[in-house]
Amino acid sequence: MQVRRRWGRVRAALDRRVGRLVADGEAGMATAEYAVGTVAAASLAGVLLAILKSEWVRELISDLIRSALGLG
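On a predicted model such as this, the values are computed, not experimentally measured, just so you know. (Residues numbered from 1 in each chain as written. Predicted model: local features only at pLDDT ≥ 70, side-chain atom pairs only at ≥ 80, totals over all residues. Heavy atoms only, no water.)

Draft legend 1. Seen up close, the overall build of the protein chain. Counting its secondary structure elements, the protein chain contains 3 helices and 0 strands. Listed N to C, the secondary structure of the protein chain is α-α-α in terms of helices and strands. Here the protein chain holds 72 residues, and 3% of them are scored as buried. Entry remark: accessible area of the protein chain is about 6,700 Å², with carbon and sulfur atoms responsible for 65%. (Helix = DSSP H or I, 4+ residues; strand = E, 2+ residues; numbered from the N terminus. Buried < 20%, exposed > 50% of the residue type's maximum accessible area, 1.4 Å probe, protein only. Areas by Shrake-Rupley, 256 points an atom, 1.4 Å probe, with all protein chains shown as cover.)

Draft legend 2. Summary view of the pattern of salt bridges. What the rule picks out here adds up to 1 salt bridge. Among the ionic pairs, arginine 66 bridges to aspartate 63, the shortest N-O distance being 3.5 Å. Remark: aspartate 63 and arginine 66 occur in helix H3 (residues 55-69); sequence separation between them is 3 residues, near one turn of the helix. A residue is classified by how much of its surface remains accessible, and aspartate 63, at 46% relative accessible area, is partly exposed. (Salt bridge = Lys/Arg side-chain N within 4 Å of Asp/Glu carboxyl O.)

Draft legend 3. Molecular detail of the confidence of the model for the protein chain. Of all residues in the protein chain, 83% have pLDDT values of 70 or greater, and the mean over the chain is 83. No element of the protein chain has a lower mean pLDDT than helix H1 (residues 2-23), which averages 77, and none a higher one than H3, which averages 91. (pLDDT = per-residue confidence, 0-100.)

Draft legend 4. A nonpolar patch on the surface, seen in detail. A surface patch of nonpolar side chains, amounting to about 630 Å² of accessible area, comprises Leu44, Val47, Leu48, Ile51, Trp56 and Leu60. Listing elements by their share of the nonpolar patch, those giving two or more residues are helix H2 (29-52) and H3. Per element, the largest residue contribution to the nonpolar patch is 4 residues, and it comes from H2. Summarising the element assignment, leucine 48 is placed in helix H2. The exposure class of leucine 48 is partly exposed, given its relative accessible area of 45%. (Patch = residues over 30% accessible without salt bridge, like charges linked within 9 Å, V, L, I, M, F, W, Y side chains within 5 Å.)

Draft legend 5. Quick peek at H3. Taking 1.5 Å as the rise per residue, H3 with 15 residues should run 21 Å; its terminal C-alpha atoms sit 21 Å apart, in good agreement. Immediately beyond the C-terminal end of H3, within one or two residues, lies glycine 70, with a positive phi of roughly 80°. (Expected span 1.5 Å × (residues − 1).)

Here you go:
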């Protein structure tokens, strides 16, 4: 009889644990979404860096600063 009671408690504990795992089934999705967002942000930063390093953007910014300061 004692084995049956113990098995009943173990089974109830396992049922609760499985229920929690099923309820948290998509808990890892946030981590995957953050990873995709991080890759996208790094890619965008790389593209912006390439654009800002180009000569015509440097000239555009330089001309804008000169005209704002009244030097050009």
